[in-house]
Amino acid sequence: ARRCAVISDQTVADLYAPKATEALTRAGYQVALLTFPPGDASKSLAQAERLYDGLATAAIDRADLILTLGGGVTGDLGGFVAATWLRGLPFIQVPTTLEADVDASVGGKVAVNHASGKNMIGAFYQPRRVVIDVSCLRTLHKRDLTAGLAESVKHGLIRDAAFFAWHEARAEAILNADEAVLAELVERNVRIKAAVVAADERESHLRAILNFGHTFG
Ligand code: GLY
């Protein structure tokens, strides 16, 4: 790729876009930063269309790359845009929340919402790569950390009893955002999720277990 469109919500862009842009520029990319307002309301076709406008203005074509920088909303919305612009551009997920690290960034579900329900318009479209830096979790609000932790506990419950117990022994370190513990937590989650998705990418049987907690929620 020559150009890289970085898609990020405004909150995350304020925190991390300068660093990401600098690193990408150093690596030889021309960077176009496209931002949108934070929050689930941005997972809409209207917002996707604004991002398409941005891609057109930046002349992003098939030789280029999309990078989503942020939490689950950013990965879902930006991934949906990547899946549909020019019938699909390669994209890289760079999650910045614990929920996106352990769940949303892995597995290729990308979508926007419709009046009839959440994630009704979307695709299974795998990122070329997922790059997780747990130091981004330093700027996460405690409530968002515990929201991500709930997904991790859930992966223990559905797949790995020893991992479930691992959480109980490390609760304090996790809540204090100890980076070594968080790195292990993220790695174990990604292994669990990737194995389930590899067995059933399109959710015809096994993958439905990952919705444990979502459906009731
Ligand atoms: N977050 C549930 C799944 O990826 O299937």
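Throughout what follows, the structure given in this document is the object of discussion.

Rules of the game
Residues numbered from 1 in each chain as written. Predicted model: local features only at pLDDT ≥ 70, side-chain atom pairs only at ≥ 80, totals over all residues. Heavy atoms only, no water. Helix = DSSP H or I, 4+ residues; strand = E, 2+ residues; numbered from the N terminus. Rg over C-alpha atoms; globule rule 2.2 N^0.38 Å. Buried < 20%, exposed > 50% of the residue type's maximum accessible area, 1.4 Å probe, protein only. Contact = heavy atoms within 4.5 Å. Areas by Shrake-Rupley, 256 points an atom, 1.4 Å probe, with all protein chains shown as cover. Lys, Arg positive; Asp, Glu negative; His and termini not counted. Charge placed at Lys NZ, Arg CZ, Asp CG, Glu CD. Pairing = 2+ DSSP bridges. Axes fitted to C-alpha atoms, helices over the stretch in contact; angles between N-to-C directions. Core = buried A, V, L, I, M, F, W, Y, C linked by side-chain atoms within 4.5 Å. Near = heavy atom within 4 Å. Polar contact = N/O pair within 3.5 Å; in protein donor to acceptor, adjacent residues only side chain to side chain. Nonpolar A, V, L, I, M, F, W, Y, C, P; charged D, E, K, R; others polar. Expected span 1.5 Å × (residues − 1).

A short note on the overall build of the protein
Thinking step 1. From N to C terminus, the protein includes seven helices and seven strands.
Thinking step 2. Along the protein, helices (α) and strands (β) appear in the sequence β-α-β-α-β-α-β-α-β-β-β-α-α-α when read from the amino end.
Thinking step 3. Compactness check: the protein gives a C-alpha radius of gyration of 17 Å against a globular reference of 17 Å for 217 residues, within 12% of the reference.
Thinking step 4. When the backbone C-alpha atoms are referred to their principal axes, the protein occupies close to 50 × 35 × 30 Å.
Thinking step 5. Counting all 217 residues of the protein, 46% fall into the buried class.
Thinking step 6. Taking as baseline every contact in the protein between residues at least 6 positions apart, the subset at least 24 positions apart corresponds to 74%.
Thinking step 7. Put simply, the protein shows about 10700 Å² of open surface, and 55% of that area lies on carbon and sulfur atoms.
Thinking step 8. Distance between charge centroids for the protein: 5 Å, based on 23 positive and 25 negative side chains.

Quick look at the sheet that holds strand β7 (residues 129-130)
Thinking step 1. An order of β2-β1-β3-β4-β7 is seen for the five strands of this open sheet, with the pairing classed as parallel. In the strand order of this sheet, the two ends are held by β2 (30-36) and β7, each with one partner.
Thinking step 2. In the sheet, strand β1 (residues 3-9) pairs with β2 via seven bridges, with the strands oriented parallel. Its bridge partner lying in β2, R3 is registered against Q30.
Thinking step 3. The strands that helix α1 (residues 10-26) touches are β1, β2 and β3 (65-70); relative to β1, the one it contacts most, it runs at about 160°.
Thinking step 4. Against the sheet, helix α3 (residues 72-84) touches β1, β2, β3 and β4 (91-95), its axis set at about 165° to β3.

Details of the nonpolar core
Thinking step 1. With 20 residues, the main nonpolar core has I7, L55, I66 and V81 as its most contacted residues.
Thinking step 2. Mapped by element, the contributors of at least two residues to this core are β1, β2, α2 (45-57), α3 and β5 (109-114).
Thinking step 3. When residues of this core are assigned to their parent elements, the largest contribution, five residues, is made by α3.
Thinking step 4. Beyond its immediate stretch of four places on either side in the chain, I7 contacts L34, F36, L51, I66, L67, T68, L69, T74, G78 and V81.
Thinking step 5. Residues V134, L145, V186 and I192 belong to the second largest nonpolar core, which totals 15 residues.

A look at the pairing of β3
Put simply, side chains in a regular strand alternate between the two faces of the sheet.
Thinking step 1. Burial analysis of β3 places six of its six residues in the buried class, the great majority of the element.
Thinking step 2. Looking at chain direction, β1 and β3 are connected through four bridges and run parallel. Along β3, the bridge assignment pairs C4 with L65.
Thinking step 3. Where β3 lies against β4, five bridges are found, and the strand directions are parallel. Its bridge partner lying in β4, G70 is registered against P95.

Let's talk about the site of the ligand
Thinking step 1. Around the ligand, a shell composed of D103, K109, K193, E203, R207, L210, N211 and H214 is seen.
Thinking step 2. D103 is positioned such that a nitrogen or oxygen atom in its side chain is 3.0 Å from a nitrogen atom of the ligand.
Thinking step 3. Take K109: an N or O atom from its side chain is 2.9 Å from an oxygen atom of the ligand.
Thinking step 4. For the ligand, the accessible surface in isolation is 200 Å², of which the surrounding protein chains cover 91%.
Thinking step 5. In terms of residue class, the shell around the ligand is made up of one nonpolar, two polar and five charged.

So, helix α5 (residues 142-159)
For the α-helix, the turn length of 3.6 residues means that residues three or four positions removed from each other point alike.
Thinking step 1. An ideal rise of 1.5 Å per residue puts 26 Å on 18 residues; α5 measures up with 26 Å between its terminal C-alpha atoms.
Thinking step 2. Among the residues making up α5, those that are buried are L145, G148, L149, E151, S152, K154, H155 and G156.

Topic: the side chain of T74
Thinking step 1. Inspection of the secondary structure assignment puts T74 in helix α3.
Thinking step 2. Those residues within four positions of T74 in sequence are excluded, and the remaining contacts are I7, S8, D9, F36, T68, L69 and G79.

Here's the deal with the pairing of strand β6 (residues 117-124)
Thinking step 1. Pairing between β5 and β6: five bridges, direction antiparallel. In the strand pairing of β6, V112 is matched with I121.
Thinking step 2. What sits between β5 and β6 in their antiparallel hairpin is a turn of two residues.

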